[in-house]
Amino acid sequence: LGLEVEVDCDGALTCHDEDLARLDFRLGAVHWLPEDTTGWTEAQLTAGLLKTTDALLTAGVDVLAHPMRFLHRKGQPAPADACRAVATMLAETGTVCELNYHKNAPLRPLIEACLALDVPFTFGSDAHAMWEVGNFGAGVAMLREVAGTDDIAPLLWRPW
């Protein structure tokens, strides 16, 4: 059983401890920053995303769900150096990188950085609609292309 969680303003996971104890795995996501971002520049939003991602990974999640989507939803590109910073955080915390095409495509620079650091991958679909359930084809194709191999099995997370 898995659940998507975020961090609150204090850096704690947004889930009751008794519920967290029942989970087999935790997917961490950054949908918002725990402060008012009104008027922030692209650089400030990127820094805020990195800070919140660090807090999320430090709080303890197994998978980082749809990395960098926060910036996409703000209408800005994710800088390559920010992708490398996220990959480094994933490697340092032993967290898995989710490839997810719901709303935006996974970023090649993030995938490349994760591959260089041996960060494992998993696929997500968000499944906001029935047609999205298990729709991983684009993610599989992207990982094969970036990794330069059809055999991506060694690159995938095996939770059990």
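Let me sum up the structure you'll find in this document. (Residues numbered from 1 in each chain as written. Predicted model: local features only at pLDDT ≥ 70, side-chain atom pairs only at ≥ 80, totals over all residues. Heavy atoms only, no water.)

So, on to the environment of L27. With respect to the secondary-structure elements, L27 resides in strand β2 (residues 25–28). C-alpha of L27 to C-alpha of E98: the two residues are 71 residues apart in sequence and 8.9 Å apart in space. (Helix = DSSP H or I, 4+ residues; strand = E, 2+ residues; numbered from the N terminus.)

What follows covers the sheet that holds strand β5 (residues 121–124). Here we have five strands laid out as an open sheet, ordered β1-β2-β3-β4-β5, and parallel in their pairing. Of all strands in the sheet, those bounded by a partner on one side alone are β1 (2–5) and β5. With two bridges connecting them, β2 and strand β3 (residues 63–64) associate as parallel partners. Along β3, the bridge assignment pairs G28 with L64. Against the sheet, helix α6 (residues 137–147) makes contact with β4 (96–100) and β5, and its axis sits at roughly 155° relative to β5, the strand it touches most. (Pairing = 2+ DSSP bridges. Contact = heavy atoms within 4.5 Å. Axes fitted to C-alpha atoms, helices over the stretch in contact; angles between N-to-C directions.)

In a regular helix each residue adds 1.5 Å, so 18 residues correspond to 26 Å; helix α2 (residues 42–59) covers 26 Å between its end C-alpha atoms and thus fits that length. Those residues of α2 that sit buried are L45, T46, G48, L49, L50, T52, T53, L56 and L57. Structurally, α2 contributes buried residues whose contacts are with β1, β2, β3, α3 (69–73) and α4 (80–93). (Expected span 1.5 Å × (residues − 1). Buried < 20%, exposed > 50% of the residue type's maximum accessible area, 1.4 Å probe, protein only.)

Another aspect to go through is the packing of helix α5 (residues 108–116) against α6. Contact pair α5 / α6: the axes reach a minimum separation of 10 Å and the direction vectors enclose 60°. By the criterion of interaxial angle, the relationship of α5 to α6 is oblique. The element α5 and its partner α6 pack so that their crossing is right-handed. On α6, the residues touching R108, I111, E112 and L115 of α5 are M142, L143, E145, V146 and A147. Residue composition of the contact of α5 with α6, by class: six nonpolar, no polar and three charged. (Parallel < 35°, antiparallel > 145°, perpendicular 65-115°, else oblique. Left-handed = near helix turned anticlockwise from the far one by under 90°. Nonpolar A, V, L, I, M, F, W, Y, C, P; charged D, E, K, R; others polar.)

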